[in-house]
Amino acid sequence: MANTTLFSSIKRKLLRTDSTNEAGGRAYKFAPKHALAQLAATGCFNGSYYATAETQLDELRKLIDQVDDNVFLAKLAAYAREQAFMKDMPAALLAILSKRDSQLMHKVFDRVVDNGRVLRTVFQMIRSGQFGRTSLSSSLQRAFQRWLNEASVGALLSASIGDRPSLRDVLRLARPTPKDNARRALFGWLTGKEVEKWAPAAEADLPEQVQGLIAYRKAESAEAQALILGNLSVRWDLLADAAQGPLVWKAIAHQMGPQALRMNLNTLLRHEVFSNGTKDSAMVDYVAGRIADAGEIRRSRQFPYQFLAAYLNADETVPQKIKAALHQAAETACGNVPELPGPVLIGLDTSGSMGAAVTSNRGRGATSKMRCVDVAALFAAAILRRNPDSVVVPFDTAAYEAKVDPQDTILSLAERLAKYGGGGTDCSLPLAQANSKYAQRRFAGVVLVSDNESWVYAGRAFGYGQQGATGVMTEWQKFVANQQRLGNDRPKLVCIDLQAYATTQAPEREDILNIGGFNDAVFSVVASFLSGDASRFVAEVEAVEL
């Protein structure tokens, strides 16, 4: 997961660098609010290529100490969850607010904790002691109790999936007072208490969904389980452990939505959903059809990124028809990518550090197969599909000529682009190419997709350009002058930092946009900025209503 971060303006001139990035290259340091916003909206407390999880946590603490604005922290927590779709960082901000301003914490608690997983994340962070607490204060306990009593049965069942901590741990420390016998019985069942201790509630008071789930788990045959599933609506994760074979798994697959199917192809394969002696063509057709449903893709505004992730993670024995459906779905999803106001030059970083997982290092078995270079290549491919006059320049410490076949599917094109390079990083090279090879072409702007760890410029170490500026800024000023010569008065530069570090190669100003991390919203933000929307991220955070 990672999100957009837009920034404010300064005078249009070359500035001397005031920092170094994690690779040791010259860079510009973000202002505290700026850096905190980027970290909160894109950070994930997992080790990235250059920064460890501990480094990110230390950076968060330092930045929060520099931001003496609790209202901003509350708004940022809401923004990071509601618009950036992050989990860890907004949870951390909530834990910090519980110490700094409990009233503001209550204002945003329900907006940040919008599902049981986030509730358990906040609980885990508080118990860790990393933010000044090791247990629930009375104020936090009230917030937890309110959530637990108001959550739907389905939300509580979903929250019970997973441990470390478990929902049982949360319930035992939060100690909510049940509002009725149905909730009393549910809490008793979720915490594993003996039925006698539920009094005055009894088993008959359990909600219908729970009674159906218990019956499913106790069923003695696959046929009986499949029959119960016809009238039971709960998350598929709650059914998996007790499923008695392929017949039940096929019934579970029919309960999954398109996105759950897309994300669990290997699970379905492992449980023989696609086989029936040899091959169950009906199930293959069903899953492929659901994944590639054009109406659903348009309705839910899915983007190609999600389908590339599924494609990269799919086992080689997943039926080819389903893999073809992922290609088809990605093509359909390109229709959700906005058209830009004109062609752009896309700098695609293919350096060695871009081989790191885009979700950072989460340990064995949990780190995504989606690399930063895969995301960068997908972005370039998707922009090319909607804006075919654009140019892609893969680079590391050299610029490469990308051979693009317009007949390639979006996923094949992304795969091809991701294979260039592998060396060091010189983020100025795409701009240098624009200033030489493409000097007679007008561009709406330049988009650099990188981990932003540039440390080389024109053969010189540590990224120095003219007047102590970065190489990117030196080449950008040349690009602007050349575009103005061609009659283009307002070219824009967008720097997408896939690892969301606290420095940038191009400082904040009206013609430069810095985006930290990556999610589907990036496409719209880039299009909006190139079209003339000069709004900035900190301003967007401050505009959040509490």
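Not measured: the values here are computed from a predicted model.

Cut-offs applied
- Residues numbered from 1 in each chain as written.
- Predicted model: local features only at pLDDT ≥ 70, side-chain atom pairs only at ≥ 80, totals over all residues.
- Heavy atoms only, no water.
- Helix = DSSP H or I, 4+ residues; strand = E, 2+ residues; numbered from the N terminus.
- Contact = heavy atoms within 4.5 Å.
- Areas by Shrake-Rupley, 256 points an atom, 1.4 Å probe, with all protein chains shown as cover.
- Phe/Tyr/Trp six-rings, centres within 6.5 Å; stacked < 30°, edge-to-face > 60°.
- Buried < 20%, exposed > 50% of the residue type's maximum accessible area, 1.4 Å probe, protein only.
- Lys NZ or Arg CZ within 6 Å of the ring centre and 35° of its normal.
- Axes fitted to C-alpha atoms, helices over the stretch in contact; angles between N-to-C directions.
- Parallel < 35°, antiparallel > 145°, perpendicular 65-115°, else oblique.
- Nonpolar A, V, L, I, M, F, W, Y, C, P; charged D, E, K, R; others polar.
- Left-handed = near helix turned anticlockwise from the far one by under 90°.
- Pairing = 2+ DSSP bridges.

**A look at the overall build of the protein chain**
So, step 1. Within the protein chain, the secondary structure is distributed over 26 helices and ten strands.
So, step 2. In the protein chain, 72% of the contacts between residues at least 6 apart in sequence involve partners at least 24 apart.
So, step 3. Total accessible area computed for the protein chain in this model is approximately 22700 Å², and 47% of it derives from carbon and sulfur atoms.

**What to know about the packing of aromatic side chains**
So, step 1. Applying the stated rule across the entire model yields seven aromatic pairs.
So, step 2. Between Y438 and F443 the ring centres are 6.4 Å apart and the planes differ by 85 degrees, which places this aromatic pair in the edge-to-face class.
So, step 3. On the accessibility criterion, F443 (1% relative accessible area) is buried.
So, step 4. Taken together, the ring pairs in this structure connect F109, F123 and F144 into an aromatic cluster.
So, step 5. Directly above the aromatic system of F529 lies the positively charged group of K492, at a separation of 4.5 Å from the ring centroid.

**A few points about the packing of helix α3 (residues 70-82) against helix α5 (residues 102-112)**
So, step 1. One way to put it is that α3 packs onto α5 with a least axis distance of 9 Å and a crossing angle of 5 degrees. Comparing their axes, α5 and α3 come out roughly parallel. Side by side, α3 and α5 meet where N70, V71, A74, A77, A78, R81 and E82 of the first sit next to L104, V108, R111 and V112 of the second.
So, step 2. Across the contact of α3 with α5, the residue classes tally to seven nonpolar, one polar and three charged.

**Observations concerning the environment of L232**
So, step 1. Topologically, L232 is positioned in the loop between α12 (222-229) and α13 (237-240).
So, step 2. As for L232 and Q209, which are separated by 23 residues in sequence, their C-alpha atoms are 6.7 Å apart.
So, step 3. Excluding anything up to four places from it in sequence, L232 contacts Q209, G212, L213, Y216, L239 and Q255.

**Details of the packing of α12 against helix α14 (residues 246-255)**
So, step 1. Two elements in contact, α12 and α14, have axes whose closest approach is 8 Å; the angle formed by their N-to-C orientations is 15 degrees. Taken as axis vectors, α12 and α14 run roughly parallel relative to one another. Of the two elements, α12 crosses α14, and the hand of that crossing is left-handed. Seen from α12, the contacting residues are A222, E223, Q225, A226 and L229; seen from α14, they are L247, V248, A251, I252 and Q255.
So, step 2. By residue class, the composition of the contact of α12 with α14 is seven nonpolar, two polar and one charged.

**Some remarks on unusual backbone geometry**
So, step 1. Across the junction of R164 and P165, the peptide omega takes the value 0 degrees, indicating a cis bond.
So, step 2. Here P165 shows up in the loop between α8 (153-159) and α9 (167-174).
So, step 3. The peptide bond linking A199 to P200 adopts the cis configuration, its omega dihedral lying at 10 degrees.
So, step 4. In this structure, P200 sits in the loop between α10 (181-190) and α11 (208-218).
So, step 5. Although it is not a glycine, R164 sits at a positive phi angle of roughly 55 degrees.
So, step 6. Mapped onto the elements of the fold, R164 is located in the loop between α8 and α9.
So, step 7. Its relative accessible area of 72% is what places R164 among the exposed residues.

**Re the sheet that holds strand β4 (residues 391-395)**
So, step 1. Ordered by their spatial adjacency, five strands build an open sheet running β4-β3-β5-β8-β10, and the pairing between neighbours is parallel. The strands lining the two open edges of the sheet, one partner per strand, are β4 and β10 (512-516). Within this sheet the neighbouring strands show an average axis-to-axis angle of 15 degrees, counted without direction.
So, step 2. By the bridge criterion, six bridges tie strand β5 (residues 445-450) to strand β8 (residues 492-497) in an arrangement that is parallel. Looking across to β8, one finds that V447 is bridged to V494.
So, step 3. The strands touched by helix α21 (residues 372-386) within the sheet are β3 (344-349), β4, β5 and β8, with β3 carrying the most contacts at an inclination of about 165 degrees.
So, step 4. Here helix α25 (residues 521-530) sits on the sheet and contacts β3, β5, β8 and β10; the angle it forms with β8, its principal contact strand, is near 160 degrees.

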